[in-house]
Amino acid sequence: MADQIYDYTGPARVCHDGHVYYNEHVMREAYELPPLEDRDRTKASIDEPLDVIISGGSMGGLFAATAMRQAGHDATVYERTEAGKMKDRGAGIIAHPEMLAYLESQNIADWDELATVTNRTQHLNREGEPIDTEGRATYTTSWDTVYRNLRAEVPDDRYRMGKQIVDVDQDDDGVTVTFQDGTTETGDLLIVAEGYRSHTREQFLPDRSPEYAGYVAYRGVVPEDEVPAEYETRFGDIYNLYHAPQSQFLTYPVPGPNGEMERGERRINWVWYYPFEEGEALDNLLLDDQGRQRSHSLPPGLMREEVHDEQIEIASDVLPEQLQWLVSATTEPFVQCIYDLAIPELVFDNVCVIGDAAFFIRPHMAAGTAHAAADALELAESISNTDDLETALAEWETDQVEMGYRLVEEASRRGDRYTGQF
Ligand SMILES: Cc1cc2nc3c(=O)[nH]c(=O)nc-3n(C[C@H](O)[C@H](O)[C@H](O)COP(=O)(O)OP(=O)(O)OC[C@H]3O[C@@H](n4cnc5c(N)ncnc54)[C@H](O)[C@@H]3O)c2cc1C
């Protein structure tokens with residue numbers, strides 16, 4: 001295993017099949033080196049521990065908080081979502097094994113508690129029969145499962161909800177952020193993990209915004225115990241892929257709503273990459289059942305019935321039977337628009353941008369979470385290995401920009417191919 005995947009000693013990089021692998025964290029596991037917790041991680045080489053402000057409390061923000069705290073810094077996450085509302089993002093995530101190994105090596109969670117696994121990938125024909133089967137394992141998890149485990153690593157007084165950063169100022173004392181409620185905080189470093197619609201990124205790079213790729217992820221989850229007997233062998237521990245004209249459909253099992261990993265207690269996650277033209281067609285899809293016009297996504301539970309009925313109708317024309325069933329059995333379908341975004345600079349004095357806020361990597365490489373994690377881990381590492389912050393940030397930026405562009409480019413190429421937009 002070490003020779004195939006982990007034979008690389010530089011900073012976090014992307015390998016040929018799009019896996020993001022981390023410098024020494026995972027290398028230690030692969031080469032049976034002493035685990036990281038045996039090292040003295042309490043003292044940063046920068047004179048004093050840094051006071052770190054993190055904007056955004058999802059994957060990128062939590063990885064950043066964990067990595068910075070482990071490196072001896074004082075990090076506080078500010079998340080705009082009100083307390084109790086973060087749990088509604090139950091979507092599936094394909095997890096890179098490198099990321100799972102990192103989380104396990106840091107004692108954040110055992111691999112088995114984080115992910116379930118499929119033992120083969122099947123390409124289906126229109127009749128729903130496998131026409132090609134690859135016997136490789138794919139690890140799958142859900143946003144909630146990773147969130148829950150990472151969140152448990154950050155003390156409550158260092159994870160502040162209902163705090164939206166609306167402005168950033170910098171001077172010799174550091175970075176001052178202003179929140180929507182008018183309060184302010186000052187720190188040595190601001191890590192922006194606000195996702196692809198980041199307002200703070202816009203403050204520094206006003207002319208870089210995400211560009212719609214011409215299609216959406218129309219998706220949902222169905223409890224595994226609702227799968228009818230006739231389709232049981234069609235799902236199970238299988239990663240299914242089906243290509244219809246201009247669209248791609250995939251399914252895989254993910255943990256249950258409370259992290260359940262047992263077969264029958266999990267959920268079948270499905271994603272249908274489907275083109276919707278910008279303008280009338282997309283607006284119609286994103287108009288919610290309260291009459292509110294949404295612009296980038298439609299959360300679960302808000303889709304108008306006639307919209308879903310129309311998609312069920314399309315499904316019956318173009319999808320294999322068991323996939324049609326998944327679409328129609330889903331009670332709360334939801335939509336995420338797909339974008340391209342890449343920025344050439346990640347560092348603005350003492351502010352740095354990570355994760356989706358910097359690069360929207362179309363989901364066809366399942367690299368978004370692993371990329372956000374790599375940004376965060378490499379940042380902490382770079383700061384620990386350098387004695388001044390400016391140099392650390394500059395070195396980090398060079399590596400992460402290169403990795404981000406590579407991922408965005410490859411993911412866009414794949415997405416265009418799957419949706420017939422070469
Ligand atoms: C259809 C689809 C499928 C995907 N599948 C996969 C997959 O299989 N595997 C994978 O690894 N990744 C996948 N991804 C990508 C993955 O979900 C993201 O890359 C990852 O969640 C990025 O995390 P993030 O923390 O950078 O951003 P986000 O998850 O977007 O989080 C940003 C956070 O910042 C908060 N915020 C925003 N602005 C402010 C502010 N001003 N002040 C305070 N808080 C703020 C937001 O409320 C939010 O909680 C998929 C994405 C899509 C759309």
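Since this is a predicted model, take the numbers as computed values, not measurements. (Residues numbered from 1 in each chain as written. Predicted model: local features only at pLDDT ≥ 70, side-chain atom pairs only at ≥ 80, totals over all residues. Heavy atoms only, no water.)

1. Side note on the sheet that holds strand β4 (residues 74–79)
No. 1: Strands sit in the order β10-β4-β3-β14-β22-β21 across an open sheet of 6 strands; the sheet is mixed. Each edge of the sheet is formed by a strand with only one pairing partner; in this case those strands are β10 (159–161) and β21 (347–348).
No. 2: Bridging between strand β14 (residues 189–192) and strand β22 (residues 351–353) involves 3 bridges; their strand directions are parallel. Residue pairing in the sheet places valine 192 in a bridge with valine 353 of β22. (Pairing = 2+ DSSP bridges. Helix = DSSP H or I, 4+ residues; strand = E, 2+ residues; numbered from the N terminus.)

2. Considerations on helix α12 (residues 389–418)
Residues three or four positions apart in an α-helix share a direction because the helix packs 3.6 residues into each turn.
No. 1: In this model, α12 (30 residues) spans 42 Å end to end at C-alpha, consistent with the 44 Å of a helix rising 1.5 Å per residue.
No. 2: After α12 finishes, the residue glycine 420 shows a positive phi value of roughly 65 degrees. (Expected span 1.5 Å × (residues − 1).)

3. Regarding the site of the ligand
No. 1: Neighbouring residues of the ligand: 30 residues in total, closest Ser58, Gly60, Glu79, Ile94 and Asp356.
No. 2: In this structure, an oxygen atom belonging to the ligand sits 3.0 Å away from a side-chain N or O atom of arginine 80.
No. 3: Looking at the shell around the ligand, the elements with two or more residues in it are α3 (59–70), β4, β5 (92–94), β15 (211–223) and α11 (368–384).
No. 4: Tallied by class, residues from the shell around the ligand come to 12 nonpolar, 11 polar and 7 charged.
No. 5: Residues lining the shell around the ligand come from more than one domain, with at least three contributed by each of domain 1 (31–89 + 153–210 + 340–418) and domain 2 (113–144 + 213–338). (Near = heavy atom within 4 Å. Polar contact = N/O pair within 3.5 Å; in protein donor to acceptor, adjacent residues only side chain to side chain. Nonpolar A, V, L, I, M, F, W, Y, C, P; charged D, E, K, R; others polar. Domains from an automatic or database assignment.)

4. Brief notes about the packing of α3 against helix α6 (residues 143–151)
Each packed pair of helices is defined by two parameters, the angle between the axes and the distance between the axes.
No. 1: Their axes nearest at 10 Å, the elements α3 and α6 cross at an angle of 25 degrees. By the angle class used here, α3 and α6 are roughly parallel. Judged by the twist between their axes, the crossing of α3 over α6 is left-handed. Note on element contacts: α6 touches α3 through Trp143, Val146, Tyr147, Leu150 and Arg151, opposite Met59, Leu62, Phe63 and Thr66.
No. 2: Across the contact of α3 with α6, the residue classes break down as 7 nonpolar, 1 polar and 1 charged. (Axes fitted to C-alpha atoms, helices over the stretch in contact; angles between N-to-C directions. Parallel < 35°, antiparallel > 145°, perpendicular 65-115°, else oblique. Left-handed = near helix turned anticlockwise from the far one by under 90°. Contact = heavy atoms within 4.5 Å.)

5. Considerations on the pattern of salt bridges
A pair can form between side chains of opposite charge whenever their charged atoms are brought close.
No. 1: This structure, assessed with the given rule, holds 15 salt bridges.
No. 2: In this structure, aspartate 237 engages arginine 263 in a salt bridge whose closest nitrogen and oxygen atoms are separated by 3.8 Å. Of this pair, aspartate 237 sits in the loop between β15 and β16 (238–244) while arginine 263 sits in the loop between β17 (247–254) and β18 (267–275), and the two are 26 residues apart along the sequence.
No. 3: Judged by relative accessible area, which is 21%, aspartate 237 ranks as partly exposed.
No. 4: The residue arginine 414 makes a salt bridge to glutamate 410 at a minimum N-O spacing of 2.9 Å. Separated by 4 residues within a single helix, arginine 414 and glutamate 410 lie in helix α12, roughly one turn from each other.
No. 5: Taking relative accessible area as the criterion, arginine 414 reaches 15% and is therefore assigned buried.
No. 6: Three or more residues joined by partner-sharing salt bridges are found here, namely Glu224, Asp237, Arg263 and Arg266. (Salt bridge = Lys/Arg side-chain N within 4 Å of Asp/Glu carboxyl O. Buried < 20%, exposed > 50% of the residue type's maximum accessible area, 1.4 Å probe, protein only.)

6. Comments concerning the side chain of glutamate 194
No. 1: Residue position: glutamate 194 is located in the loop between β14 and α7 (199–204).
No. 2: It turns out glutamate 194 is buried and unbridged, and the closest side chain with the opposite charge, arginine 80, is 6.9 Å from it.
No. 3: Here the side chain of glutamate 194 touches serine 55 through a polar contact of 2.6 Å, side chain to side chain.
No. 4: Polar side-chain contacts of glutamate 194 include one of 2.8 Å to the side chain of serine 198.
No. 5: If we ignore the near neighbours within four places in the chain, the residues touching glutamate 194 are Ser55, Ile165, His199, Thr200 and Ala357. (Lys, Arg positive; Asp, Glu negative; His and termini not counted.)

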